[in-house]
Amino acid sequence: MATPSTTPSHIPTGPSMSGTPRWLKIPAADVLACKNFYTSLFPEWKFPPATEKYPEDKVAMWFFGEAGVVGGMIVKVPAEAKSTDLVNGQGVTLFHTVSNIEETKAKVESLGGKSLGEKGSDGNDGFFMEFLDNEGNRFGAYQVKA
């Protein structure tokens, strides 16, 4: 499958079936130390060079294998943030591909889950939103802009 030239290289362009895992978000007070941990643990993870939009001390993106497939990001959180202190916890968040964020939000809520904030924008690339399922587990949804 060819990647359209308008799709930035950091956006996974692999499977787009609804519910397909898209990326993982790992919170870290020290992004570089966390990146070093995962680079040592999983040398297969490929970290592209930092960019102005994603500076190395704030965000470290990676891909499982080749760029453009499923990946993730390590994102900076305050050093004092502890999982027990945060309303919605702290930990890895799995984002799933969806065709429409608003429809997903409505369905999550109709099934007993709830949204954890407003829809966010990933620039020209897509939209994301985080939720709690009916058992209180956090997950995310990502909609690629057409």
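Residues numbered from 1 in each chain as written. Predicted model: local features only at pLDDT ≥ 70, side-chain atom pairs only at ≥ 80, totals over all residues. Heavy atoms only, no water.

Chemist: Teacher, can you tell me more about the pairing of strand β1 (residues 21–28) here?
Modeler: The side chains of a regular strand alternate between the sheet's two faces. Inspection of the sheet shows β1 paired to strand β5 (residues 93–97) by four bridges, in the antiparallel sense. Following the sheet pairing, Pro21 is matched in β5 by His96. Across six bridges, the pairing between β1 and strand β4 (residues 71–76) is parallel. Its bridge partner lying in β4, Leu24 is registered against Gly72. (Pairing = 2+ DSSP bridges. Helix = DSSP H or I, 4+ residues; strand = E, 2+ residues; numbered from the N terminus.)

Chemist: Sorry if this is basic, but what is going on with helix α2 (residues 101–110) here?
Modeler: Since one α-helical turn is 3.6 residues long, residues separated by three or four positions face the same way. Here α2 has its buried residues at Ile101, Thr104 and Val108. The buried residues of α2 occupy an angular sector of 60° when the element is viewed end-on, so they sit on one face. In α2, the exposed positions angled more than 90 degrees off the buried face are occupied by Glu103, Lys107 and Ser110. Looking at the buried positions of α2, the neighbouring elements they touch are β6 (114–115), β8 (126–132) and β9 (138–144). (Buried < 20%, exposed > 50% of the residue type's maximum accessible area, 1.4 Å probe, protein only. Arc of directions from axis to C-beta. Contact = heavy atoms within 4.5 Å.)

Chemist: Looking at this structure, how should I read the packing of aromatic side chains?
Modeler: Describing an aromatic ring pair means giving the distance of the ring centres and the angle of the ring planes. If you walk through the whole model with that rule in mind, you get seven aromatic pairs. Ring centres of Phe37 and Tyr38 lie 5.0 Å apart, and the angle between their planes is 85°; this geometry places the pair in the edge-to-face category. The rings of Phe37, Tyr38, Trp45, Phe47 and Trp62 are connected pair by pair, giving a single aromatic cluster. (Phe/Tyr/Trp six-rings, centres within 6.5 Å; stacked < 30°, edge-to-face > 60°.)

Chemist: In this structure, what is going on with the nonpolar core? I would like to understand it.
Modeler: One recurring pattern in soluble globular proteins: nonpolar side chains tend to sit buried together. Ile26, Ala28, Val31, Cys34, Tyr38, Trp45, Phe47, Ala60, Trp62 and Ile74 form the largest nonpolar core, which has 10 residues in total. If you list the elements that add at least two residues to this core, you get β1, α1 (31–41) and β3 (59–64). Among the elements that take part in this core, α1 stands out by supplying three residues, more than any other. Aside from chain neighbours lying at most four places away, what touches Val31 is Glu56, Asp57, Lys58, Val59, Ala60, Ile74, Val75 and Lys76. (Core = buried A, V, L, I, M, F, W, Y, C linked by side-chain atoms within 4.5 Å.)

Chemist: What am I meant to see in the pattern of salt bridges here?
Modeler: A side chain with one charge may pair with a side chain of the opposite charge, provided their charged atoms come close. Going through the model one piece at a time under the given rule, you end up with six salt bridges. The partner of Asp122 in a salt bridge is Lys53, and the shortest N-O contact between them spans 3.9 Å. Of the two residues, Asp122 sits in the loop between β7 (120–121) and β8 while Lys53 sits in the loop between β2 (45–46) and β3, which places them 69 residues apart along the sequence. We classify Asp122 as buried; its relative accessible area is 13%. Overlapping salt bridges bring together Lys25, Glu130 and Arg138 as one network. (Salt bridge = Lys/Arg side-chain N within 4 Å of Asp/Glu carboxyl O.)

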